[in-house]
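Read off the chains here:
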Amino acid sequence: MKKKASSRQISEFIWGWIFILPTMAGLIILNIYPMIDTIKQSFFKAGDFGKGNEFVGLKNYEKVLLDGEIWQALWNTAKYAIVEVPVSIVIALLLANLLNKRLKGRDTFRTIFFLPMVVAPAAVAMVWKWLYNSNFGLINNVFNIKVNWISDPKIAIYSIAVIGIWSVLGYNMVLFLAGLQEVPRDYYEAASLDGANGLQQLLHITIPLISPTIFFVLVTRIIAAMQVFDLIYMLIDLNNPAWKKTESLVYLFYKYSFEQSKKGYGATVVVLLLAVILILTVIQLIGQKKWVHYE
Amino acid sequence: MKKRVIAILLSALTAVSIVGCAGAGAAAPAADAGSAEAVEEEAEAAPAEEEAAPDSIGSSVEGELSITIWDEGQREGLQKIVDKWSEESGIKATIQVVDWNNYWTLLEAGATGGELPDVFWMHSNVAQKYMENDMLLDLTDRIASSDKIDMSNYYEGIVNLYQSDGKQYAVPKDIDTIALWYNKTIFDEMGVPYPDDTWTWEDFAENAKKLTNDEHWGYAIAPGNNQEGYYNTIYSMGGYVISDDKKTSGMDDPNSIKAVKLFTDMIAEGSCPDLATVSETAPNELLSAGKVAMSINGSWMLAGYRDNEYTAENCDVAVLPYTSSPDDRVSIYNGLGWAASANGKNTDAAWSLIEYLGSKEAQIEQAELGVTMSAYKGTSDSWVNSVSCFDLNGHMKMLDAKLVFRPYSRDTTVWEDMMIEKLQDAWTGDKPVEDVCKDIAEEMNAALAEE
């Protein structure tokens with residue numbers, strides 16, 4: 001037998017919806033509608049100025065699957081993510097751990113590590129471009145070496161990943177610091193009484209207890225890393241020999257949609273990226289059961 | 001409970017952030033535009049100051065003319081000319097500047113939504129697309145009945161560029177020329193006489209070698225320097241990039257290959273920096289840093305060189321070399337056009353302004369004020385005196401050289417980008433120039449067939 005909702009429940013229901021309405025409206029107009037429209041566009045060959053779109057069925061998808069440039073871009077993006085995500089998480093975790101202790105000038109350090117997050121990506125890229133310059137750059141001149149950091153096809157994508165790591169370190173660190181606040185002090189006291197050293201405490205107390213935060217950072221960072229665009233756009237141009245080995249999927253999307261006005265094909269590239277990220281995220285959501293501990 | 005909440009939150013976040021892509025892609029270049037080295041190097045020099053990101057291209061409002069351009073450096077001069085027109089016509093007109101990258105994104109959005117400024121600049125990259133879709137006001141009849149505008153007064157290539165189906169959609173505004181910029185200090189140091197109108201391309205290569213030592217190179221060129229590089233030598237040596245009917249590529253023509261080889265040989269010899277160097281530091285930046293003795297640049301670079309203390313002090317400009325006689329001295333040129341919105345609210349006023357801007361009087365003033373050289377033949381002489389630190393005759397005299405319009409087709413960027421990518425192998429010497437050029441011609445023919 002179905003219980004009839006009390007008037008209090010109904011009023012809560014209505015007010016609940018009213019409260020989330022502004023957010024919902026924003027999401028639908030700015031995110032969900034464009035998402036559906038993008039997927040729709042991927043089945044069309046775009047005409048000029050939004051007129052004369054021509055339905056081509058799965059043709060764009062066939063072309064994407066056979067396009068070597070797209071797979072190369074996917075591989076470039078993956079390489080970037082494989083380096084950027086784990087390294088930035090490990091370093092941020094260690095830093096957060098350190099800066100969670102009572103330390104002189106702790107706030108100063110926290111601020112310094114968070115600073116890159118506040119700077120505009122374009123400015124970050126310009127400074128690093130100069131640091132990396134093989135003839136006149138600071139790095140090569142200080143160490144007196146001759147490495148083509150951003151024009152050697154073999155290492156350019158990793159050089160870019162280093163900038164990515166530097167940029168997100170502060171953000172990851174702040175999230176971890178927040179997670180660390182929730183770990184009760186007495187666990188550590190008990191552990192040190194039992195003779196556990198710093199490393200053992202980190203591995204057996206800290207990491208398991210903040211594993212939900214680590215999981216959150218991991219998932220969001222992978223999503224963000226798969227969407228890398230601005231750093232590459234700023235650092236690498238058509239003249240660069242590393243061009244083909246650094247182009248990311250979003251870069252290709254930009255190239256097709258905005259430089260060559262092939263909006264339909266550009267949309268298809270983004271849908272492919274969406275599929276890849278969805279798969280990666282689903283795998284992580286399943287995998288988390290093995291290592292993430294919720295209280 | 002907490003677990004489920006996080007899981008739901010994450011899935012939502014995934015979906016949302018991805019699609020954010022579509023929006024982010026469009027917004028990202030906007031943020032980068034100011035400090036980015038213009039992807040389109042052939043573009044008019046980007047304004048030095050970063051503008052606040054604009055959110056509209058401007059729209060047509062009754063009773064007042066809106067004008068949109070992308071070069072901050074030209075605003076002041078042009079506004080003076082426009083003000084004179086306002087005095088005559090009694091209609092207020094203001095110029096809005098939107099930087100190069102945003103300009104095209106916003107103009108396209110404006111065209112799609114039917115909101116274009118009354119008067120704006122057109123460029124060879126996209127002109128065909130705008131004309132074919134009737135976005136621009138058809139000026140043919142108005143020009144025919146005008147006593148101020150006669151298309152035969154302007155450089156032919158620019159006039160043709162803004163024609164489609166026998167109709168004229170824009171009035172030529174300006175013209176650019178390519179010339180040889182050089183560093184006087186390095187020339188003095190190495191005891192080489194300054195370049196003049198007697199130089200051949202052979203002399204150029206020979207002298208570049210003499211100007212090279214451990215501190216600096218003779219000359220620098222990147223695969224992207226087409227209008228400011230190999231396009232000039234290709235046409236000077238009798239080759240071509242694209243056939244007149246825009247159906248076939250001329251990159252496999254023996255003369256075209258020879259013209260590209262001139263530069264790749266210089267790289268192999270060491271009188272030009274290698275690909276890695278020019279891909280990290282553009283040739284004009286190398287010139288500004290005193291690292292190369294010569295750089296081939298378009299007249300749109302003038303403002304940048306003038307405002308740079310080092311180049312203003314040490315550099316000057318001369319005409320480009322020729323191949324076998326001064327008659328084959330070539331300058332690849334391009335020019336902007338003044339166009340009006342097809343469905344603006346003030347089309348009559350818009351035409352009146354364009355007519356004024358294209359008139360001999362306004363074209364002379366444009367050159368006098370040092371805005372740019374003008375598209376109206378014979379009105380640019382006073383431009384030479386607009387800057388005191390360089391002898392602008394280098395650029396000016398290129399107007400008397402063989403002027404070849406910048407090669408284009410409907411989708412120029414598709415094959416042009418492909419060409420730049422492929423030329424990298426010729427730059428590094430990984431593949432012989434002949435093979436690279438033949439490969440380019442083949443792909444370019446395929447791209448042209450698709451247009």
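Quick caveat: nothing in here was measured; it's all calculated off a predicted structure.

1. Brief notes about the sheet that holds strand S2 (residues 92–97) of chain B
Residues and elements named next belong to chain B. The strand order across the open sheet formed by five strands is S2-S1-S3-S12-S6, and the pairing between neighbours is mixed. The open sheet terminates on both sides in strands that have one partner only, identified here as S2 and strand S6 (170–172). Within the sheet, the average angular offset between the axes of one strand and its neighbour, ignoring direction, is 25 degrees. Note that strand S3 (residues 119–122) and strand S12 (residues 337–340) share four bridges and pair antiparallel. Its bridge partner being in S12, Val-119 is matched across the sheet by Ala-340. Taken strand by strand, helix H2 (residues 72–89) contacts strand S1 (64–69) and S2, and its axis lies near 170 degrees from that of S2. Most of the contacts of helix H15 (residues 347–358) go to S12, to which it runs at about 170 degrees, and overall it touches S1, S2, S3, S6 and S12.

2. Re unusual backbone geometry
Residue Asn-144 of chain A is not a glycine yet carries a positive backbone phi of 55 degrees. Asn-144 of chain A gets classed as exposed once you count the C-beta atoms within 10 Å, which come to 6. With a phi close to 55 degrees, Asp-134 of chain B is a non-glycine residue in the positive phi region. Locating Asp-134 of chain B in the fold gives a position in the loop between helix H4 (127–132) and helix H5 (140–144).

3. A look at the confidence of the model for chain B
Predicted coordinates in areas of low pLDDT are best not read in detail. Per-residue pLDDT for chain B has a mean of 86; in total, 88% of the residues score no lower than 70. This stretch, residues 12–52 of chain B, has a pLDDT under 50; its non-local contacts, to residues over four places away or in other chains, come to 84 contacts.

4. What about the pairing of S12 of chain B?
Residue and element names in this part refer to chain B. Burial of S12 is two-sided: the residues Gly-337 and Ala-339 facing one way and the residues Trp-338 and Ala-340 facing the other way are all buried. Sheet analysis places S6 next to S12, joined by three bridges and oriented antiparallel. Across the sheet, residue Pro-172 finds its bridge partner in S12, namely Gly-337.

5. Topic: the domain arrangement of chain B
Residues and elements named next belong to chain B. With domains assigned, chain B is organised as domain 1 (64–175 + 334–377) and domain 2 (178–333 + 406–450). Once you take the C-alpha centre of each, domain 1 and domain 2 turn out to be 31 Å apart. Contacts between domain 1 and domain 2 engage nine residues on the former and nine residues on the latter. Of the residues in the side of domain 1 that touches domain 2, the class split is two nonpolar, seven polar and no charged.

6. Side note on the environment of Ala-426 of chain B
All names here are of chain B. Mapped onto the secondary structure, Ala-426 falls in helix H18 (residues 412–428). Taking the C-alpha atoms as reference points, Ala-426 and Ile-267, 159 residues apart in sequence, are found 9.8 Å from one another. Not counting the four nearest positions on each side in its chain, Ala-426 is found in contact with Val-260, Thr-264, Lys-431, Val-433 and Val-436.

7. Some remarks on the environment of Lys-247 of chain B
On the secondary structure map, Lys-247 of chain B appears in the loop between helix H9 (226–236) and helix H10 (254–269). Sequence separation between Lys-247 of chain B and Glu-285 of chain B is 38 residues; the distance between their C-alpha atoms is 36 Å.

Quick notes on the rules
- Residues numbered from 1 in each chain as written.
- Chains lettered and ligands numbered in written order.
- Predicted model: local features only at pLDDT ≥ 70, side-chain atom pairs only at ≥ 80, totals over all residues.
- Pairing = 2+ DSSP bridges.
- Helix = DSSP H or I, 4+ residues; strand = E, 2+ residues; numbered from the N terminus.
- Axes fitted to C-alpha atoms, helices over the stretch in contact; angles between N-to-C directions.
- Contact = placed C-beta atoms within 7 Å.
- Buried ≥ 20, exposed ≤ 12 C-beta atoms within 10 Å, placed from the backbone.
- pLDDT = per-residue confidence, 0-100.
- Domains from an automatic or database assignment.
- Nonpolar A, V, L, I, M, F, W, Y, C, P; charged D, E, K, R; others polar.

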